[in-house]
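Residues per chain, in single letters:
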There are 2 protein chains.
Amino acid sequence: MEKQTITIYDVAREASVSMATVSRVVNGNPNVKPATRKKVLEVIERLDYRPNAVARGLASKRTTTVGVIIPDVANTYFASLARGIDDVATMYKYNIILANSDGDDKKEINVLNTLLAKQVDGIIFMGHHLTDEVRGEFSRSKTPVVLAGSIDPDNQVGSVNIDYLEATKDATDELIKSGNKKIAFVSGALIDPINGVSRLNGYKKSLAESKISFNEGLVFECDYSYKAGLGLFDRIQNSGATAAVVADDELAVGLLNTLTDHGVKVPEEFEIITSNNSLYTDIARPSVTSISQPLYDIGAVAMRLLTKLMNKEEIDEKTIILPYGLIKKDSTK
Amino acid sequence: MEKQTITIYDVAREASVSMATVSRVVNGNPNVKPATRKKVLEVIERLDYRPNAVARGLASKRTTTVGVIIPDVANTYFASLARGIDDVATMYKYNIILANSDGDDKKEINVLNTLLAKQVDGIIFMGHHLTDEVRGEFSRSKTPVVLAGSIDPDNQVGSVNIDYLEATKDATDELIKSGNKKIAFVSGALIDPINGVSRLNGYKKSLAESKISFNEGLVFECDYSYKAGLGLFDRIQNSGATAAVVADDELAVGLLNTLTDHGVKVPEEFEIITSNNSLYTDIARPSVTSISQPLYDIGAVAMRLLTKLMNKEEIDEKTIILPYGLIKKDSTK
DNA sequence: CTGTTAGCGCTTTCAC
DNA sequence: GTGAAAGCGCTAACAG
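Each chain carries its own residue numbering, running from 1 in the direction its sequence is written. Here chains are named by letter from A upward and ligands by number from 1 upward, in the order in which they appear as written. Local features in this predicted model are restricted to residues of pLDDT 70 or higher, and side-chain atom pairs are both shown and tallied only at a pLDDT of 80 or more, whereas totals for entire chains, interfaces and linings draw on every residue. Only hydrogens and water are removed before side-chain values are computed, so all heavy atoms of the structure are retained for them.

- Chain A is annotated in an unreviewed UniProt entry as Catabolite control protein A from Vagococcus silagei.
- Word for word, the UniProt comment on chain A under Function (unreviewed entry) is "Global transcriptional regulator of carbon catabolite repression (CCR) and carbon catabolite activation (CCA), which ensures optimal energy usage under diverse conditions." UniProt positions are given in the numbering used here, feature names are shortened, and annotations may be inferred rather than shown by experiment.

A short note on the protein's contact with DNA strand C
Here comes step 1: Taken together, 28 residues lie near DNA strand C, and Thr21, Arg24 and Lys33 of chain A together with Ile8 and Tyr49 of chain B sit nearest.
Here comes step 2: The rule for a residue being near a molecule or strand is that one of its heavy atoms must lie within 4 Å of it. Near the protein, within 4 Å, the atoms of DNA strand C are sugar or phosphate in 61% of cases.
Here comes step 3: Polar contact criterion, stated in full: a pair of N or O atoms within 3.5 Å, where within protein one must be able to donate a hydrogen and the other to accept it, and residues adjacent in sequence count only if both atoms are side-chain atoms. The separation between a phosphate oxygen of DNA strand C and a polar main-chain atom of Lys33 of chain A is 2.7 Å.
Here comes step 4: Contact distances for DNA strand C include 2.4 Å between a phosphate oxygen and a backbone N or O atom of Ile8 of chain B.
Here comes step 5: Strands are runs of DSSP state E lasting at least 2 residues, helices are runs of H or I lasting at least 4, and numbering of each runs from the N terminus. Elements supplying a minimum of two residues to the surface near DNA strand C: helix H2 (19-26) and helix H4 (53-60) of chain A together with helix H2 (19-26) and helix H4 (53-60) of chain B.

Examining the UniProt feature "domain: HTH lacI-type" (unreviewed entry) in chain A
Here comes step 1: Those residues carrying the UniProt feature "domain: HTH lacI-type" (unreviewed entry) are residues 6-60 of chain A in this numbering.
Here comes step 2: Annotation note: span residues 6-60 of chain A, helix share 69%, strand share 0%, distance between end C-alpha atoms 20 Å.

Structural notes on the interface of chain B and chain A
Here comes step 1: Every residue pair with non-hydrogen atoms within 4.5 Å of one another is taken to be in contact. Contact residues are listed per partner, giving 49 residues for chain B and 48 residues for chain A.
Here comes step 2: Defined here as a combined quantity, buried area equals the accessible surface (1.4 Å probe) lost by two parts on assembly, summed across both. Of the roughly 4,300 Å² buried where chain B meets chain A, counting both sides, 55% is carbon and sulfur surface.
Here comes step 3: Among the residues of chain B in contact with chain A, Arg83, Lys118 and Ile283 of chain B are the three that bury the most area, contributing 16% of the side total.
Here comes step 4: Criterion for a salt bridge: a side-chain nitrogen of Lys or Arg within 4 Å of a carboxyl oxygen of Asp or Glu. Counting the contacts that link chain B with chain A gives 10 salt bridges.
Here comes step 5: Taking the shortest distance from any N to any O, the salt bridge between Arg140 of chain A and Asp48 of chain B comes out at 2.7 Å.
Here comes step 6: Remark: the boundary between chain B and chain A carries 25 residue pairs in polar contact (both at pLDDT 80 or more).
Here comes step 7: With 6 residues, strand S2 (residues 95-100) of chain B is the single largest residue contributor to the side of chain B that touches chain A.

A word on the relation of the copies chain B and chain A
Here comes step 1: Copy-to-copy superposition: least squares on the C-alpha atoms, limited to residues that have pLDDT of at least 70 in both copies. If you rotate chain B by 180° and push it 0.0 Å along the axis, it lands on chain A with an RMSD of 0.1 Å. Overall, the copies show the geometry of a two-fold rotation axis. Proximity to the rotation axis, assessed at the C-alpha, singles out Ile97 of chain B in chain B; its C-alpha lies 2.2 Å from the axis.
Here comes step 2: In this assembly, 98% of the residues forming the interface of chain B have copies in chain A that are likewise at the interface, indicating an isologous arrangement.

Things to note about the pattern of salt bridges
Here comes step 1: Summed over all chains, the structure comprises 44 salt bridges over all chains.
Here comes step 2: In this structure, the salt-bridge partner of Lys177 of chain A is Glu174 of chain A, at a minimum N-O distance of 3.3 Å. With Lys177 of chain A and Glu174 of chain A both in helix H8 (residues 164-177), this residue pair falls 3 residues apart, about one helical turn.
Here comes step 3: When accessible area is computed with a 1.4 Å probe and restricted to protein chains, residues below 20% of their type maximum are described as buried, those above 50% as exposed, and intermediate ones as partly exposed. The buried category is assigned to Glu174 of chain A, whose relative accessible area is 13%.
Here comes step 4: Here Asp282 of chain A ties to Lys329 of chain A by a salt bridge, and the two come within 2.9 Å at their closest N and O atoms. Remark: Lys329 of chain A occurs in the segment after strand S12 (325-327) and Asp282 of chain A occurs in helix H13 (residues 279-283); sequence separation between them is 47 residues.
Here comes step 5: Judged by its relative accessible area of 29%, Asp282 of chain A falls in the partly exposed class.
Here comes step 6: Linked by salt bridges that have partners in common, Asp72, Asp102 and Lys107 of chain A together with Arg83 and Asp87 of chain B make up one network.

Quick notes on the protein's contact with DNA strand D
Here comes step 1: Around DNA strand D sit 28 residues in total, of which Ile8 and Tyr49 of chain A together with Thr21, Arg24 and Lys33 of chain B are the nearest.
Here comes step 2: A breakdown of the atoms of DNA strand D within 4 Å of the protein gives sugar and phosphate a share of 63%.
Here comes step 3: The contact in question runs from a phosphate oxygen of DNA strand D to an N or O atom on the side chain of Thr21 of chain B, over 2.6 Å.
Here comes step 4: For the surface near DNA strand D, the elements supplying multiple residues, two or more each, are H2 and H4 of chain A together with H2 and H4 of chain B.
Here comes step 5: Within the surface near DNA strand D, the residues separate by chemical class into 12 nonpolar, 11 polar and 5 charged. Residues are grouped as follows: nonpolar covers Ala, Val, Leu, Ile, Met, Phe, Trp, Tyr, Cys and Pro; charged covers Asp, Glu, Lys and Arg; every other residue, Gly included, is treated as polar.

Some remarks on the packing of helix H6 (residues 105-117) of chain A against helix H7 (residues 132-140) of chain A
All names here are of chain A.
Here comes step 1: Here the axes come from fitting lines to C-alpha atoms, over the contacting stretch only for helices, and the angles between their N-to-C directions go from 0 to 180 degrees. Running from N to C, H6 and H7 cross one another at 15°; their axes reach a closest spacing of 9 Å. Overall, the two elements H6 and H7 adopt an arrangement that is roughly parallel. In this structure, H6 crosses over H7, and the sense of that crossing is right-handed. Contacts between H6 and H7 involve Glu108, Ile109, Leu112 and Asn113 from the first element and Glu133, Val134, Glu137 and Phe138 from the second.
Here comes step 2: Class assignment of the residues belonging to the contact of H6 with H7 gives a composition of 4 nonpolar, 1 polar and 3 charged. Between 65 and 115 degrees an angle is taken as roughly perpendicular, under 35 as roughly parallel, over 145 as roughly antiparallel, and anywhere else as oblique. Should the near helix be turned counterclockwise from the far one by less than a right angle, the crossing is left-handed, whereas a clockwise turn marks it as right-handed.

Points about the side chain of Ser159 of chain B
All names here are of chain B.
Here comes step 1: Position of Ser159 among the secondary structure elements: in strand S5 (residues 158-162).
Here comes step 2: For Ser159, a relative accessible area of 4% gives the class buried.
Here comes step 3: Apart from residues no more than four positions distant in its own chain, Ser159 is found in contact with Val146, Leu147, Ser150, Leu305, Lys318, Thr319 and Ile320.

Some points on the sheet that holds strand S10 (residues 289-292) of chain B
All names here are of chain B.
Here comes step 1: Here 6 strands make up an open sheet; going across it, the order is S7-S6-S8-S9-S10-S12 and the pairing mixed. Edge positions in the sheet fall to strand S7 (219-221) and strand S12 (325-327), since each has one partner strand and no second. Averaged over all neighbouring strand pairs, the angle between strand axes comes to 20°, with direction disregarded.
Here comes step 2: As paired strands, strand S9 (residues 271-274) and S10 are joined by 2 bridges and run parallel to one another. In this analysis, strands are considered paired if DSSP registers two or more bridges between them.

Let's talk about the domain arrangement of chain A
Here comes step 1: Domain segmentation is taken from an automatic or database assignment of domains. Partitioning chain A into structural domains gives domain 1 (8-51), domain 2 (63-162 + 295-324) and domain 3 (164-292).
Here comes step 2: Placing a centre on the C-alpha atoms of domain 1 of chain A and another on those of domain 2 of chain A gives a separation of 36 Å.

Observations regarding the sheet that holds S5 of chain B
Here comes step 1: The strand order S11(A)-S5(A)-S4(A)-S3(A)-S1(A)-S2(A)-S2(B)-S1(B)-S3(B)-S4(B)-S5(B)-S11(B) describes an open sheet built from 12 strands, whose pairing is mixed. Edge positions in the sheet fall to strand S11 (319-322) of chain A together with strand S11 (319-322) of chain B, since each of these pairs with one other strand and no more. Looking at each pair of strands side by side, their axes are set apart by 20° on average, direction ignored.
Here comes step 2: On top of the sheet, H6 of chain A reaches strand S1 (65-70), strand S2 (95-100) and strand S3 (122-125) of chain A together with S2 of chain B; it is set at about 175° to S1 of chain A, its chief contact.

Re the side chain of Ser331 of chain B
Residues and elements named next belong to chain B.
Here comes step 1: Along the chain, Ser331 turns up in the segment after S12.
Here comes step 2: Overall, Ser331 belongs to the buried group, its relative accessible area being 0%.
Here comes step 3: Reaching out from Ser331, the side chain makes a polar contact with the backbone nitrogen of Thr289 at a distance of 2.8 Å.
Here comes step 4: Setting aside anything within four residues of it in sequence, one finds Ser331 in contact with Val266, Pro267, Phe270, Glu271, Ile272, Pro286, Ser287, Val288 and Thr289.

Written out as structure tokens, the structure reads:
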């Protein structure tokens, strides 16, 4: 015996009204006489009727679902963004389909297509690198898109970020202020605009203002991982650097630990500033000075922006920059 | 001018076949002559036809999406499970709707209902505490459910976990072996069966085997957070404990840091073993000995089990226990 | 304020 | 191997 699903039609019959009326009360349409509304509500209650969102989606062309493309939920940076996204989504009665891409071009395209096939009302994209192919799909589809903690050099779609350039400049300034001349710039792939353009330029700008010449040998490109940080010891030592601006907390803490494990005193002999102010920076000993990013808010604001886009509201500015801070801890003098 | 969506009907017309045939080729039904298949495929390509998954879901009563209820994605423990879930989901062509519950009863019920309304094919539930109301909804709906890293005392639904009791016993044994007599048991809410039943019993079992009497004053119930760990100093000191088995890594590292910050030597004067072997345990100094749980696998296996349930395959055992380990690091002698 | 009537785009018998 | 036709459960004009 199959599960007997009860439909809007059953409710209509039992309440002696039309499907349209039932639909109206379910959707909170005010054009229903209180008495009929009450009657319908009672039948709905009695029959334990639950509207089928799929049918609703097909008929109305709105699924109240948004797609979220994320490199990796297990990464705390992106997970924090995701939490902000989901909270605001829930607030506006949307659900999120979460899909991991590993930042892989093929997977991104794949997932984007299945998201579109599922008729999501909008998409939040997170990723270090926005490929032309992905950009192409974005403009080809009429589905609104917002980037969260990710940059589109052309600003074609909405996005929410902090000013990575200025933040990195501030961090570098701080290191210069305490007397460092040879400051390492440690980041993820430089092909990612957020690293290779924004952050690197912030670093260069700071150096330039202090008349320190840029040295290619102080630029370190690596994976965003604790292990990569641990593996940096020799290269950093050989470079003669006495401080480092790091683009990722795991990386920074890895560097910190390998330095202290090798007997290098932080911050006395080497200073470190990192970028996300995650729990890792508090747990490490010494704790790590860091730029603080409003990660949850970036996600939340991105989702809020997306709701406006999905609603076809007028947007004053679709490239949103949120404020950042610099939290001094024990890895700097 | 509205976006002109092209449908299966357009393809059928252009290819001079029926909708049924197009549907067959789209769904890989073998009952299509190679020649017609080729012709249809060409038209699909030319028109850039994308099947509408919502319509498909309505007609077939399968949405190929599963709901995932998670306390908090920003928590690394659950995020790791979620990653395993999504990878296997993708492997089997499912998408996941991710919904945060904060472990709150009301939100869990809410989210469960909207997931059901969206006609998900299955549900993965994560949560410390499975309330009767949630259990009721589970059995009321015919949608298959699997718990990941979460316990149902009654084993009514499928679940994937490790043997928390034995794991905690092993950890406690280890501490007893190195001479500790007063061992603190630090966990989250004892009302959660995983803490109050499994873990606590593992702890008690270990004590009993070594003829150490159980002392209520050594049981510490707190939030799963770094801050809660930091706040534990006085209570732990006053208890006279010389070691602790901790149920959560953030908590453990907080305890570790407050101890060392107060000059207590770990492991010489105090030993700590924690439960999840997350990156936190490697970052901390000293690094923290920990039970290791196959978090990714728990998620992956849970999702795999769910695919079988959704397929109505015969299941030999729906309560799955995965192996754990004990990774010795520097917080124990 | 309420009912009628078309679909939304696809799957799925059931014939042929 | 292929087509015709009947829905899936709901929304959205359009009347009245």
